[in-house]
Amino acid sequence: MFVTNHVLSGVLIGWPMERRPVAAFLAGVGSHLLLDAMPHWGCDLAGVHGPERFLRVAKRDGLLGLTTMAVATFAVDRRARTATVAAMAGAVLLDLDKPFGHFFGVNPFPEVVNRLHRRAQNESPRGMPNEIAYGIAFATAGAIATAIARRRLRSRRVAGDLPA
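1. Focus: the pattern of salt bridges
Throughout the structure, instances matching the rule amount to 5 salt bridges. A salt bridge links Asp 95 to Lys 98; the nearest nitrogen and oxygen atoms lie 2.9 Å apart. The partner of Glu 111 in a salt bridge is Arg 118, with the nearest N and O atoms 2.5 Å apart. Given a relative accessible area of 42%, Glu 111 falls into the partly exposed group. Residues participating in the shared-partner salt-bridge network are Glu 18, Asp 77 and Arg 79.

What follows is the structure in structure tokens.
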């Protein structure tokens, strides 16, 4: 699953858990495994130019994921910000093995975690349409959820239930 999709799922997890950032982080980690179990794109690393293709896609996805994290951090209400950042961090945590392996030549996780992460994968070189559909669905749901949360907060401020 693209890291950007994991980030977007973290946004959906964070705002309803605004008062529970540790739980949001753990839910983010759990969501990572659930999303990886869904059919998604995976590069055929054994194929011709497989590693180069993977790296090309991973660079773009990584930059988009970081940008999405930054935008989401400032788009959500301040009260939900900590939980949202925690959920996004939890949602991408298990994929840190890839940049750590590429840049430092190490995997930061014990083998039991790596085994669990590998077992969850449901990748296919033909899974790109799913990745795109998941991204559109998560981005749309996140934008709608953020807009609704902001509207409710504004209404509560206007009604005098919250300080301005």
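2. Regarding the environment of Gly 28
Positionally, Gly 28 belongs in helix H2 (residues 21-37). The spatial distance from the C-alpha of Gly 28 to the C-alpha of Lys 59 is 22 Å, given a sequence separation of 31 residues. Discounting residues that sit within four places of it in the chain, Gly 28 has contacts with Ile 13, Ala 87, Gly 90 and Ala 91.

3. A closer look at the environment of Gly 135
Looking at where Gly 135 falls in the secondary structure, it is placed in helix H7 (residues 128-158). On the basis of relative accessible area, Gly 135 is assigned to the buried category, the value being 15%. Between the C-alpha atom of Gly 135 and that of Thr 4, which follows or precedes it by 131 residues, the distance is 7.4 Å. Ignoring sequence-local partners within four residues, the contact set of Gly 135 consists of Asn 5 and Leu 8.

Rules behind the numbers
Residues numbered from 1 in each chain as written. Predicted model: local features only at pLDDT ≥ 70, side-chain atom pairs only at ≥ 80, totals over all residues. Heavy atoms only, no water. Salt bridge = Lys/Arg side-chain N within 4 Å of Asp/Glu carboxyl O. Buried < 20%, exposed > 50% of the residue type's maximum accessible area, 1.4 Å probe, protein only. Helix = DSSP H or I, 4+ residues; strand = E, 2+ residues; numbered from the N terminus. Contact = heavy atoms within 4.5 Å.

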